[in-house]
Amino acid sequence: MGKINFIKEYFKIAIKSLKARRLRSWLTIIGVVIGVFLIVSLMSLSEGIKTALMQQLKMMGKDLIMIFPGEITDMATMMSGGLELTEKDMDAIKKAEGVETIVPMNYKGEAVRHEGKVKTILINGVSWKDGMDILKNDFGWSIKEGDWPVIGKKEIIVGSAVPTDVFPGMKVGDEAFISGRKFIISGVLKSLGNKQDDSTITVDLDIFKDITGEKKGAKIVLARAKQGYEIDEVIENIKSNLLETRKRVRGADSPSFSVLSSEKVMDIVGSILGMIQIAIFGFASIAIIVGGVGIMNTMYTSVRERTKEIGIMKAIGAKNSAINTIFLIESGFFGLFGGIGGMILGLGLAKAIEFAVKATGNLYLQASITPQLIIFSLGFSFLIGCIAGYLPARSASKLNPVDALRYE
Amino acid sequence: MSESLIKLENVWKIYQLGKIELPVLKGINLEIRKGSFVTIMGPSGSGKSTLMYLLGLLDVPTKGKIFLEGENVSGFSENELAKIRGQKIGFVFQQFNLLQNLNALENIIMPMIFQSVPELERKERAEKLLASFDMQKRAHHRPGELSGGEQQRVAIARSLSNDPEIIIADEPTGNLDSSTGKIIMEALSELHKKEKKTIIVVTHDPTIAHYSQNIIHIQDGQIIHNHFQEEKVLWEQNSHKS
């Protein structure tokens, strides 16, 4: 009889034994299910978020440089929105060697009225003259309906979610009022990849200044490097120009800034998300290991309870390796079944969150369900099951047949 | 005279209880011949169960040698002994010792799995054995659903599943009423007579002795009688008195 055949028989024996202890078997499996469920759901969601963000970032051209006020490493300060780049900063950026053009960008929430309904929407201010190409080519903006606004006219473009979610029924050619000023909707953008961006209105920077009263400064400045210049070289030039200008104006206490290439932004975002994923993986792995301790506990209890059974099996000809294999199969089963259960629940939750976020949320999230994730989670849980069962199985196989038969 | 099957030479079994050494068997010399029916008798604590475990290769002696078909097996590893047990020795226990998760048929099949018998042959052989003990209708019942007598018949059938030469029975009637006990002993006797199996029965019940040709009396870890005629006469005298 082939090795596979007797392994099959040991499988049958192991399953019968697991069935005989149904409740305990289920409780042990649930311990593993929780760990795998956490790993699968969190990993697939975080990978999905990473993919969505990276896809957006990849659209940016390699010759694009972003200048932010504050330190990129200090997200809280940057996000608070209090910092901005001044007109002098922008001049310094523009004059830096290797800079072809700059596009200041600004944003602010304003009340928008359309057919009697008023809602507060984020308004982006971009210089059409300098920035339209960058938006089209580097940020992948394109028009779904209508046309790009004509520079100098009071025309605006709206994100794809504005006519559907914000002002249902809004269409190209409609009038909209921002801070009491009338504008014509010239076009609707294709989706930008997340609902937050799709729910904004974009206007020319001059119009933005008029509407908001924020005449000076910008929250972000985009700069394009001239052809023939190394991007890192241009970044260094911008940095030194900005530093010089700021020191001249504000002295030693000049606020900091960040100058990053689009690749660097991708690196930073990628590494932050990668660290988050490692943390998620670490915590979820601990949950699986706890499940493994549960398996070990169950297996030791099982060995003690079945000492006489082990003695009988040895008396009727079972070798140590047979006993060892039967117990290892049992513990491996706990791991594998826990893995399958956890994977199904985890993928189910990830998909449910994906649909919920798509329906109501702010991000177009696609839960990442890869064969690697499935193989890994099943393999890892099975491995944990086998490792957890190794010592109990070994102790079972090493039992002296006479002692085992005499055990009551 | 038939050839020697199991031979014990100056076998000692000493248990270590902390610092105290407890000799349970003290220099046993014994020869069991092929095709014989041997009864080992003795009071509780005499060492008869320990002797049975050594004869069944479930244990190894502290000192001395055990020969099986002329081969010294005292130094064999646990796996080597397991292989010999599976092929050459069948056990019948007082507590029946059937696996509770398995039904009667599966219990009989189990020793064959460990000897890598092909699946079809296993099932066929197990069904035949069940039928020979008139247990075919109880094939799919678990031990808990069988009477003591039925369980012991399944246990005897299991002991025969690999067609061993030796059947070792430890108090096989100990948990049965006298009429069921008689049926079980008749079954073992049949195996001895018809199939020429070597039967070793360990008991303290003198009524069992009349089935055997060779009665070994053990006391305080030593054989005090090993004679067919002597014990047979004694047993007959005792049974007349009662």
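Right above here is the structure, for reference.
This one's a predicted model, so the numbers in the text were calculated from it and none came from an experiment. The residue numbers shown here count from 1 along each chain, following its written sequence. As a convention, the first chain written is A and the first ligand written is 1, with the rest following in written order. In view of the model being predicted, local features appear only for residues whose pLDDT reaches at least 70, and side-chain atom pairs are presented and counted only at 80 or more, with totals across whole chains, interfaces and linings using the full set of residues. Side-chain measures here rest on the full set of heavy atoms in the structure, leaving out hydrogens and waters.

Caption draft 1: Inspection of the overall build of chain A at higher detail. Runs of H or I in DSSP of at least four residues are treated as helices and runs of E of at least two as strands, each being numbered from the N terminus. What chain A contains, in helices and strands, is 14 helices and 10 strands. Counting only C-alpha atoms and orienting by the principal axes, one finds that chain A spans roughly 95 × 50 × 35 Å. Burial classes follow relative accessibility: with a 1.4 Å probe on protein chains only, a residue under 20% of its type's maximum area counts as buried, one over 50% as exposed, and anything between as partly exposed. The burial tally for chain A puts 49% of its 408 residues in the buried class. It only takes one pair of heavy atoms within 4.5 Å for two residues to be counted as in contact. Intrachain contacts of chain A at a sequence separation of at least 6 include 79% that bridge at least 24 residues. Carbon together with sulfur atoms contributes 60% to the accessible area of chain A, which is approximately 19,600 Å² in total. Neither His nor the chain ends is counted toward charge; the positive residues are Lys and Arg and the negative residues Asp and Glu. Lysine's charge is taken at NZ, arginine's at CZ, aspartate's at CG and glutamate's at CD. Positive and negative charge centroids in chain A, built from 50 and 42 side chains respectively, lie 11 Å apart. Areas reported here follow the Shrake-Rupley algorithm with a probe of radius 1.4 Å; residue values treat only the protein chains shown as occluding.

Caption draft 2: Representation of the packing of aromatic side chains in the model. Residues and elements named next belong to chain A. The aromatic pairing rule takes the rings of Phe, Tyr and Trp, using the six-membered ring of Trp, and pairs them if the centres are within 6.5 Å, calling planes under 30 degrees apart stacked, those over 60 edge-to-face and the rest tilted. Applying the stated criterion across every chain yields a total of six aromatic pairs over all chains. Ring pairs connect the aromatic residues Phe11, Phe333 and Phe337, which therefore count as one cluster. Directly above the ring of phenylalanine 177 sits arginine 113, whose terminal nitrogen or CZ lies 4.4 Å from the centroid. Here the basic side chain of lysine 219 rests over the ring of tyrosine 107, its NZ or CZ set 5.1 Å away from the ring centre. Our definition puts a charge over a ring when NZ of Lys or CZ of Arg is within 6 Å of the ring centre and also within 35 degrees of the ring normal.

Caption draft 3: Structural context of the side chain of A:Ser46. Residue and element names in this part refer to chain A. Within the secondary structure, serine 46 sits in helix α2 (residues 22-58). Note on serine 46: relative accessible area 10%, which makes it buried. Ignoring anything within four residues of it in the chain, the contact list for serine 46 reads Gln277 and Ile280.

Caption draft 4: Structural context of unusual backbone geometry. Unusually for a residue other than glycine, A:Ser179 sits at a positive phi of about 50 degrees. Structurally, the position occupied by A:Ser179 is in the loop between β6 (175-178) and β7 (181-189). Look at B:Glu69: it is not a glycine, yet its phi comes out positive at around 50 degrees.

Caption draft 5: Representation of the interface of chain B and chain A in the model. Taken together, the contacts link 31 residues of chain B with 29 residues of chain A. Of the roughly 2,600 Å² buried at the junction of chain B and chain A (both faces included), carbon and sulfur atoms supply 62%. The rule for a salt bridge is simple: a side-chain nitrogen of Lys or Arg has to be within 4 Å of a carboxyl oxygen of Asp or Glu. In this assembly, chain B and chain A are joined by four salt bridges. Where B:Glu119 meets A:Lys8, a salt bridge forms, and the shortest distance between an N and an O atom there is 3.6 Å. Two N or O atoms count as a polar contact when they lie within 3.5 Å, although within protein this holds only if one can serve as hydrogen donor and the other as acceptor, and sequence-adjacent residues are included solely when both atoms are side-chain atoms. Here chain B is connected to chain A by four residue pairs in polar contact (both at pLDDT 80 or more). Of all elements in the fold, only α1 (48-55), α2 (78-88), α3 (104-114) and α4 (119-132) of chain B reach the threshold of two or more residues within the side of chain B that touches chain A. In terms of residue class, the side of chain B that touches chain A is built from 14 nonpolar, nine polar and eight charged. A quick way to say it: buried area is the sum, across both parts, of accessible area lost when two parts are put together, with a 1.4 Å probe. We call Asp, Glu, Lys and Arg charged. Ala, Val, Leu, Ile, Met, Phe, Trp, Tyr, Cys and Pro are nonpolar, and the rest, Gly among them, are polar.

Caption draft 6: Region of the structure containing α3(B). Residue and element names in this part refer to chain B. Burial within α3 is extensive, with 10 of its 11 residues counted as buried. Along α3, the positions that sit buried rather than exposed are Ala104, Leu105, Asn107, Ile108, Ile109, Met110, Pro111, Met112, Ile113 and Phe114. For α3, the capping residue at the N-terminal end is asparagine 103, with a side-chain oxygen 3.1 Å from the backbone nitrogen of leucine 105. Positive phi shows up at serine 116, right after α3, with a value of about 60 degrees.

Caption draft 7: Focus on a negative patch on the surface. Patch rule: a residue counts if its relative accessible area is over 30% and it has no salt bridge; like charges are joined within 9 Å, and nonpolar side chains (Val, Leu, Ile, Met, Phe, Trp, Tyr) within 5 Å. Side chains of A:Glu97, A:Glu230, A:Asp232 and A:Glu233 sit close together on the surface and give a patch of like negative charge. Within the secondary structure, A:Asp232 sits in helix α9 (residues 231-250).

Caption draft 8: How the structure looks around the sheet that holds strand β9 (residues 214-219) of chain B. Residue and element names in this part refer to chain B. At least two DSSP bridges between two strands are required for those strands to pair. Taken in spatial order, the six strands line up as β6-β7-β8-β3-β9-β10 in an open sheet, and their pairing is mixed. Looking along the sheet, the strands with just one partner apiece sit at the ends: β6 (89-92) and β10 (222-226). Taken pair by pair, the neighbouring strands of this sheet meet at an average axis angle of 20 degrees, ignoring direction. As defined by bridge partners, strand β3 (residues 37-41) adjoins β9 across four bridges and the pair is classed as parallel. Its bridge partner being in β9, methionine 41 is matched across the sheet by histidine 217. Axis definition: a line fitted to C-alpha atoms, limited for helices to the stretch in contact. Angles are taken between N-to-C directions and run from 0 to 180 degrees. The strands touched by α2 are β6 and β7 (166-170); relative to β6, the strand with the most contacts, the crossing angle is about 75 degrees. In this fold helix α6 (residues 178-195) packs onto β3, β7 and β8 (198-203), with an angle of close to 150 degrees to the strand it touches most, β8.

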